[in-house]
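One letter stands for each residue in the lines below.
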Amino acid sequence: MTTARLPRLLACALALAACTAHAATPRLWKATHAVEGHGTTTLYVLAATPAGLPAEFDAYYTRAVLPALRASATLAVEGVGDGEEGPATPGCDLRQLDEQGIATLNDARQRILTLALQADMARRDALDVKALAKAPDPDTQAQSWARLIEMSDEFTLLQFARVQAASLASAAPDHKQGVNEGVNVAEALVRARPDIPVHDIDYRTGMMHAYCAAGPRRTMMLLDVVDSAPSSATATARLTRDFDALLRGRAPADGSPLTRLAPLDAGLVCARNRDWIARMAKVADGRAHFYVVPVRNLFAARHDDADCGGLLDDLAQAGFSVTPIK
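A. Structural view of the overall build of the protein. Counting secondary structure elements, the protein contains 13 helices and 8 strands. Within the protein, buried positions represent 40% of all 326 residues. In the protein, the share of contacts with a sequence separation of at least 24, taken over all contacts with a separation of at least 6, comes to 78%. Summed over its atoms, the accessible surface of the protein is roughly 17300 Å², and 56% of this surface lies on carbon and sulfur atoms.

Structure representation (structure tokens):
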């Protein structure tokens, strides 16, 4: 190889790298709507998973997601709990569950207790000698977990299970350390803009209502949280492929965590999207606002159990011009 060819080869390599970085599947959309007297309002909509996949913190996150966040006046995520009161009264009716449903709920309680004990053990393993000496006795802590889980209603149990699953995933041996360790994208964005007002994408009890409205099969969600933990390198790779498939308009693999709750789509996707679009369509203040949305809610759910378009189509039908940010 001659010295004269080096600059040309280097230029080709740099061009190839730039092309590869640019080829990341878009997962952020810009929805704009001009209203007379108010100017143009922009809604940034980011597709996300609850897992906080390493792929969600790639070059696209730095190049596209963070600049959009910096340009936004507010950030909307799930679970903040500051939303307005919803039109429906939440609450899970145990009478909806048949004998099998009650058995599934009891099984979920036992498996969530096991998950909590595993997460607690992982946390203890991470303590140094001095901290370990001050930690609660394992047997006493186990009894406390058992009482808490037995007394918790279904939705509280679901939230508790998610926290324990995230804790266990962060403590897994193959979990990669990093600046956004142990957080999902929504949490990372809140950290990235500590000055930005953060609001709930749901009504105050929106997620609870969505869970309870899922009916007799809602306990699938409890088991799904347990089945998804702890996160392993293999599971992360599979979830990353499924996430990318959804973004590209393809169906994820059978049994994927992103599709196995499809029987609950009528409540978790269709009903929530109707609530969200009704509120998002009213935003007309001429500013930019950032929304973090579960990836399944962005695309159509059309099968035996649900029939609705995704939030992106809903925004377009509401008069927004929707374009992906590449």
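Next comes the rest of the account.
B. Looking closely at the pattern of salt bridges. Counting across every chain of the model gives 13 salt bridges. A salt bridge links Arg287 to Asp285; the shortest N-O distance between them is 3.1 Å.

C. Broad picture of the environment of Leu264. Mapped onto the elements of the fold, Leu264 is located in the loop between helix H10 (233-247) and helix H11 (265-280). Expressed as a C-alpha distance, the spacing of Leu264 and Pro216, which sit 48 residues apart in the sequence, is 9.9 Å. Dropping the residues within four chain positions of it, Leu264 is found in contact with Ala214, Arg217, Arg218, Met220 and Met221.

D. Highlighting the side chain of Asn297. Tracing the chain through its elements places Asn297 in helix H12 (residues 295-298). In contact with Asn297, not counting residues within four places along its chain, are Leu268, Val269, Arg272, Asn273, Trp276, Gly310 and Leu311.

E. Quick look at the packing of helix H8 (residues 206-213) against H11. Contact geometry of H8 with H11 gives a least axis separation of 8 Å together with a crossing angle of 135°. Comparing the axis directions of H8 and H11 gives the class oblique. Between H8 and H11 lies a crossing of right-handed hand. Across from Met207, Ala210 and Tyr211 in H8, the residues of H11 making contact are Gly267, Leu268 and Arg272. Here the contact of H8 with H11 is composed, by residue class, of 4 nonpolar, 1 polar and 1 charged.

F. Layout of the pairing of strand E2 (residues 39-48). Counting buried positions over the 10 residues of E2 gives 8, a clear majority of the element. For strand E1 (residues 28-35) and E2, the ladder comprises 8 bridges, and the chain directions are antiparallel. Among the inter-strand pairings, Lys30 is bridged to a residue of E2, identified as Tyr44. Hairpin remark: E1 followed by E2, antiparallel, with 3 residues in the connecting loop; positive phi at Gly37, about 90°. Relative to strand E5 (residues 288-294), E2 runs parallel, the two being bridged by 7 bridges. Paired with Leu46 across the bridge in E5 is Val292.

About the cut-offs
Residues numbered from 1 in each chain as written. Predicted model: local features only at pLDDT ≥ 70, side-chain atom pairs only at ≥ 80, totals over all residues. Heavy atoms only, no water. Helix = DSSP H or I, 4+ residues; strand = E, 2+ residues; numbered from the N terminus. Buried < 20%, exposed > 50% of the residue type's maximum accessible area, 1.4 Å probe, protein only. Contact = heavy atoms within 4.5 Å. Areas by Shrake-Rupley, 256 points an atom, 1.4 Å probe, with all protein chains shown as cover. Salt bridge = Lys/Arg side-chain N within 4 Å of Asp/Glu carboxyl O. Axes fitted to C-alpha atoms, helices over the stretch in contact; angles between N-to-C directions. Parallel < 35°, antiparallel > 145°, perpendicular 65-115°, else oblique. Left-handed = near helix turned anticlockwise from the far one by under 90°. Nonpolar A, V, L, I, M, F, W, Y, C, P; charged D, E, K, R; others polar. Pairing = 2+ DSSP bridges.

Read these as geometric descriptors, not functional statements.
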